[in-house]
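Each chain, written out:
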Amino acid sequence: MQTFQQTTASLPFPTRWGILGDIAGRPLVRGFLTIDSITNGTLTGTVNFRGVPLPITGTWNESTNQLIFDSPYATFSGQLSIFDETVLSLRRFILTGNFLMKPPSLQAGEFGTWVALTDTIRTGPPQYTSTVPTAALFILSDLLYGNSQSIR
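These numbers were taken from a predicted model, which means no experiment stands behind them.

S.K.: Sorry, what's going on with the sheet that holds strand β9 (residues 90-101) here?
M.R.: Hydrogen bonds between backbone groups are what pair the strands of a sheet, and the pairing can be parallel or antiparallel. Pairing in this closed barrel of 8 strands is antiparallel, and the strands run β3-β4-β5-β6-β7-β8-β9-β10 around the ring. On average, each strand axis in the sheet is tilted by 30° relative to the strand beside it, whichever way the strands run.

S.K.: Help me understand the nonpolar core, please; the structure alone is not making it clear to me.
M.R.: As a rule of thumb, nonpolar side chains are buried together in soluble globular proteins. In this structure, W17, L33, F69, F76, L95 and W114 are the most contacted members of the largest nonpolar core, which totals 26 residues. Sorting the residues of this core by element identifies β3 (15-23), β4 (26-39), β5 (42-48), β6 (54-61), β7 (66-70), β8 (74-85), β9 and β10 (111-121) as the ones contributing at least two each. Not counting residues within four places of it along the chain, the set of residues in contact with L95 comprises W17, L33, L67, Q79, L80, W114, V115 and A116.

S.K.: Please clarify how unusual backbone geometry should be interpreted in this entry.
M.R.: With the exception of glycine, most residues fall at negative phi, and the peptide bonds are largely trans. Residue P14 is bonded to the preceding F13 through a cis peptide linkage, with omega at -5°. Relative to the helices and strands, P14 resides in the loop between β2 (12-13) and β3. The linkage connecting P103 with the following residue, P104, adopts the cis geometry, with an omega of 15°. In this structure, P104 sits in the loop between β9 and β10. For N40, which is not glycine, the phi dihedral falls at a positive 50°. For N40, the position within the fold is in the loop between β4 and β5. Its relative accessible area of 80% is what places N40 among the exposed residues. Even without glycine at this site, N65 takes up a positive phi of about 60°. Tracing the backbone shows N65 in the loop between β6 and β7.

S.K.: It is not clear to me how the layout of surface pockets should be interpreted in this structure. Could you clarify?
M.R.: The rolling of a water-molecule-sized probe over the atoms marks out the regions of remaining empty space. In this structure, the largest pocket occupies an estimated 370 Å³ of space. Together, 18 residues line the largest pocket, and F49, R50, L54, Y73 and M101 are the ones closest to its centre. Counting residues per element, the ones that place at least two in the lining of the largest pocket are β4, β8 and β9. Along the lines of polarity and charge, the residues of the lining of the largest pocket split into 13 nonpolar, 4 polar and 1 charged.

S.K.: So what exactly am I meant to see when it comes to the pattern of salt bridges here?
M.R.: Pairing between side chains becomes possible if they bear opposite charge and their charged atoms approach one another. Enumeration over the complete set of coordinates arrives at 3 salt bridges. Residues D70 and K102 are paired through a salt bridge, measuring 3.4 Å at the closest nitrogen-oxygen approach. Taken together, the residues span a long stretch of sequence, with D70 in strand β7 and K102 in the loop between β9 and β10 at a distance of 32 residues. Taking the shortest distance from any N to any O, the salt bridge between R91 and D84 comes out at 2.8 Å. The exposure classification of R91 matches that of D84, with both residues buried.

S.K.: Help me understand the environment of T120, please; the structure alone is not making it clear to me.
M.R.: Within the secondary structure, T120 sits in strand β10. Taking C-alpha positions, T120 is 8.2 Å from F93, a pair spaced 27 residues apart along the chain.

S.K.: What is the right way to look at the pairing of β4 in this model?
M.R.: Remark: a regular strand shows side chains that alternate across the two faces of the sheet. With 9 bridges joining them, β3 and β4 adopt antiparallel strand pairing. Among the inter-strand pairings, W17 is bridged to a residue of β4, identified as L33. Between β3 and β4, which pair antiparallel in sequence order, lie 2 residues; one of them, A24, sits at a positive phi of approximately 55°. Strand direction decides the pairing type here: β4 and β5, joined by 7 bridges, are antiparallel. By the bridge assignment, I38 is partnered in β5 with L43.

Criteria and cut-off values
- Residues numbered from 1 in each chain as written.
- Predicted model: local features only at pLDDT ≥ 70, side-chain atom pairs only at ≥ 80, totals over all residues.
- Heavy atoms only, no water.
- Pairing = 2+ DSSP bridges.
- Helix = DSSP H or I, 4+ residues; strand = E, 2+ residues; numbered from the N terminus.
- Axes fitted to C-alpha atoms, helices over the stretch in contact; angles between N-to-C directions.
- Core = buried A, V, L, I, M, F, W, Y, C linked by side-chain atoms within 4.5 Å.
- Buried < 20%, exposed > 50% of the residue type's maximum accessible area, 1.4 Å probe, protein only.
- Contact = heavy atoms within 4.5 Å.
- 1 Å grid on protein atoms, 1.4 Å probe; cavity = no way out; pocket = protein on both sides within 12 Å on 5 of 7 lines; lining within 4 Å.
- Points joined across faces, edges and corners; volume = space filled by probe spheres on them.
- Nonpolar A, V, L, I, M, F, W, Y, C, P; charged D, E, K, R; others polar.
- Salt bridge = Lys/Arg side-chain N within 4 Å of Asp/Glu carboxyl O.

If you want it as structure tokens, here you go:
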């Protein structure tokens, strides 16, 4: 079982997230986002859409629950939401936001949206900071816990 650390606003690390991205409403990619550490607001980890983990660096703003990170091919910005499933005793962490493709990507200049999900065992009273994007919850849960061969 993985051991998690938590910042004040409950962004856990180290964690592995399922991530989906789309451009113009068309599914583009799905893969994994790994947050290895957050130190003094600086975030490090990897994003893996095509079988190769790419390094990311960025910032986590504790007071606004916002993060921004760069990969070699895109810049991502997002907002953290929390949704507790009391029956399952799970705390779902949901990141949603926008991304901009950048050189050397063949899609440089294109932009889209993304959503990422991870969860931990819920401790303390339930928290709800927004509604859960239902379809994404099922797809990302399957990605994280189901057949990882579905990532292409």
